[in-house]
Amino acid sequence: VSVYSDSVVEESFVDDEQGFDIEFYVDGGYRRDELDWNIADPSGTPNILSELSWHDIEIATVEIGTHIKTKSNWVMDARLAYGTIVDGKNQDSDYFGNNRTEEFSRSNNNSDDGNTVDASIGFGYQALIVPSARRFKKRTLSFTPKVGFSYHMQNLAMTNGYQTIPATGNFGGLDSSFEASWFGPWVGFDSELNIADWYSLTTSFEYHYAFYEGTADWNLRDDFDHPVSFEHEAEGAGLVASIGSQFRLSKGLFLNLSVDYQNWKADEKGIDKTFFADGSIGETKLNEVNWESMGANVGLRYQF
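Now for a look at the structure at hand. In this text, all values refer to a predicted model and were calculated from it rather than measured experimentally.

Assigned secondary structure in the chain consists of 0 helices and 13 strands. Written out in order from the N terminus, the α and β elements of the chain read β-β-β-β-β-β-β-β-β-β-β-β-β. Expressed as lengths along the three principal axes of its C-alpha atoms, the size of the chain is roughly 75 × 35 × 30 Å. Here the chain, with 304 residues, has 46% of them falling under the buried criterion. Taking as baseline every contact in the chain between residues at least 6 positions apart, the subset at least 24 positions apart corresponds to 70%. With an accessible surface of roughly 15000 Å², the chain has 59% of that area assigned to carbon and sulfur atoms.

Listed below in structure tokens is the structure:
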């Protein structure tokens, strides 16, 4: 929705005193995630006791969002995305020796269920970098430094267990889950290059300070409590980048295309807290958690 007086309805960059601009969009997309974490033995040896990894997690996503510009060029962006996991693989490995040596247990399992949630809000000021040419209705290049807050969640599954080491093969009943959450403040920027009235390029970059939390239910472990078998806490950082393009289809309708990349790591102040069936609690070091994601989106943006 764009609200203007009749005298400025043709202006899309709002720097006069007669209006404000609100845009809504919806995107559909696909992304592929990788996530892994490992813990140390409470004694410190081995330095990697257990390691869990999820590979080739394929996710179908839908995202809605809004972009608001005030008459003085302050901006606010908000987005909410939901994803459904359709395929993926999991590996669970345990070691007797340091640095992933003397592996005594490994299972390779399915991870084709679960979901993801991503939400973000940001505020900034849109500044002119390159003035518009006469033939353009939009300014040629704008730059928007921003600050914000985001939340990201991956609800991952482990099913259809297969024991690789020792090689005993299929085992039944596996239905474990692991939920990872990342949240915290970020700083970054958006930029837009208007090549023509009907076409523009966009880029964005964000640096996140991340608080990480993980919760697991290991359903086949009778010595663990349920539904919370253990919890993770750690701090780290994330990088989020995107490049896209926008095509004008009609006066108020635009086609959006984008490619997104995320890389997160939590390796500070890491704690793994295990809850046992007898009510006792054990703690050990959470060495690191890594999450990487690559996605592509296509959608429509409407302005009227």
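Moving on to the pairing of strand E11 (residues 230-248). In the case of a regular strand, side chains alternate between the two sheet surfaces. Direction of pairing for strand E10 (residues 199-217) relative to E11: antiparallel, over a ladder of 18 bridges. When the sheet's bridge partners are listed, Tyr207 is paired in E11 with Leu239. Where E11 and strand E12 (residues 253-275) come together, 18 bridges link them in antiparallel fashion. Paired with Arg248 across the bridge in E12 is Phe254. Taking the residues between adjacent antiparallel strands as the criterion, E11 and E12 are bridged by 4 residues.

Now for the pairing of strand E5 (residues 101-110). Relative to E5, strand E4 (residues 74-97) runs antiparallel, the two sharing 8 bridges. If you follow Gln91 over to E5, its bridge partner there is Asn108. Pairing of E5 with strand E8 (residues 141-165) involves 3 bridges; the strand directions are antiparallel. Residue pairing in the sheet places Ser107 in a bridge with Gln163 of E8.

Right, let's get into the nonpolar core. In this structure, Leu35, Trp37, Trp54, Phe178, Trp182, Tyr212 and Trp218 are the most contacted members of the largest nonpolar core, which totals 27 residues. Listed by contribution, the elements that provide at least two residues to this core are strand E2 (20-39), strand E3 (50-69), E8, strand E9 (169-196), E10, E11, E12 and strand E13 (281-302). Leaving out residues up to four positions away in the same chain, Leu35 has contacts with Leu52, Ser53, Trp54, Gln154, Leu156, Phe178, Ala180, Asn290 and Trp291.

Moving on, we get to the packing of aromatic side chains. Per the stated rule, a full pass over the model turns up 18 aromatic pairs. On the basis of an interplanar angle of 70° and a centroid distance of 5.7 Å, the ring pair of Trp37 and Phe230 is categorised as edge-to-face. On the criterion of sequence distance, the pair formed by Trp37 in strand E2 and Phe230 in strand E11 is long-range, its members being 193 residues apart. This pair shows no difference in class: Trp37 is buried, exactly as Phe230 is. Ring pairing ties together the aromatic residues Trp37, Trp54, Phe178, Trp218 and Phe230, which thus form one cluster. Sitting over the ring of Phe224, Arg221 keeps its end group 4.0 Å from the ring centre.

Here we come to the layout of surface pockets. Quantified by volume, the largest pocket comes out at close to 670 Å³. Surrounding the largest pocket, 30 residues form its lining, Ser50, Asp94, Trp218, Arg221 and Phe224 being those nearest its centre. Among the elements that line the lining of the largest pocket, the one with the most residues is E5, at 4 residues. Looking at the lining of the largest pocket residue by residue, the class counts come to 14 nonpolar, 10 polar and 6 charged.

In this chain, Thr45 is followed by Pro46 through a cis amide linkage whose omega measures 5°. With respect to the helices and strands, Pro46 occurs in the loop between E2 and E3. Between Ile165 and the following residue, Pro166, the backbone shows a cis peptide bond with an omega angle of -10°. Within the secondary structure, Pro166 sits in the loop between E8 and E9. Residue Asn160 is not a glycine yet carries a positive backbone phi of 50°. Mapped onto the secondary structure, Asn160 falls in strand E8. We note that Lys269 has phi near 55°; this positive angle belongs to a residue other than glycine. As for its placement among the helices and strands, Lys269 is situated in strand E12.

Here we take up the side chain of Glu23. Looking at the element boundaries, Glu23 is found in strand E2. Within the local environment of Glu23, its side chain forms a polar contact with the side chain of Arg301, the two groups lying 3.0 Å apart.

The rules we used
- The numbering scheme is per chain: residues are counted from 1 as the chain's sequence reads.
- With pLDDT at 70 or above as the cut-off, local features in this predicted model cover only qualifying residues; side-chain atom pairs require 80 or more to be listed or tallied, and sums for whole chains, interfaces and linings still use all residues.
- Remark: hydrogens and water are excluded; side-chain values derive from all non-hydrogen atoms of the structure.
- Only DSSP runs of H or I reaching four residues or more are called helices, and only runs of E reaching two or more are called strands; each is numbered from the N terminus.
- Per-residue accessibility, obtained with a 1.4 Å probe over protein chains only, is compared with the maximum for each type, and a residue is labelled buried under 20%, exposed over 50%, and partly exposed between these values.
- In this description, contact between two residues means that some pair of their heavy atoms is separated by no more than 4.5 Å.
- To be clear on the numbers: accessible area is Shrake-Rupley with a 1.4 Å probe, and residue cover counts the displayed protein chains and nothing else.
- For two strands to count as paired, DSSP must find a minimum of two bridges between them.
- Throughout this description, the term nonpolar core refers to a set of buried Ala, Val, Leu, Ile, Met, Phe, Trp, Tyr and Cys residues connected via side-chain atoms within 4.5 Å.
- Working definition: a ring pair exists when centres of Phe, Tyr or Trp rings (six-membered ring for Trp) sit within 6.5 Å. Plane angles under 30 degrees give stacked, over 60 give edge-to-face, the rest tilted.
- Whether a charge sits over a ring comes down to the Lys NZ or Arg CZ being within 6 Å of the ring centre and within 35 degrees of the ring normal.
- A 1.4 Å probe that fits but cannot get out identifies a cavity on a 1 Å grid over protein atoms alone, an open set with protein on both sides within 12 Å along at least five of seven lines counts as a pocket, and a residue lines either if it has an atom within 4 Å of a point.
- Grid points are joined across faces, edges and corners, and a volume is the space filled by probe spheres set on the points.
- In this classification, Asp, Glu, Lys and Arg are treated as charged, Ala, Val, Leu, Ile, Met, Phe, Trp, Tyr, Cys and Pro as nonpolar, and every other residue, Gly included, as polar.
- Pairing of N or O atoms within 3.5 Å defines a polar contact, subject to two protein rules: one partner must be a possible hydrogen donor and the other a possible acceptor, and residues neighboring in sequence count only if both atoms are side-chain atoms.

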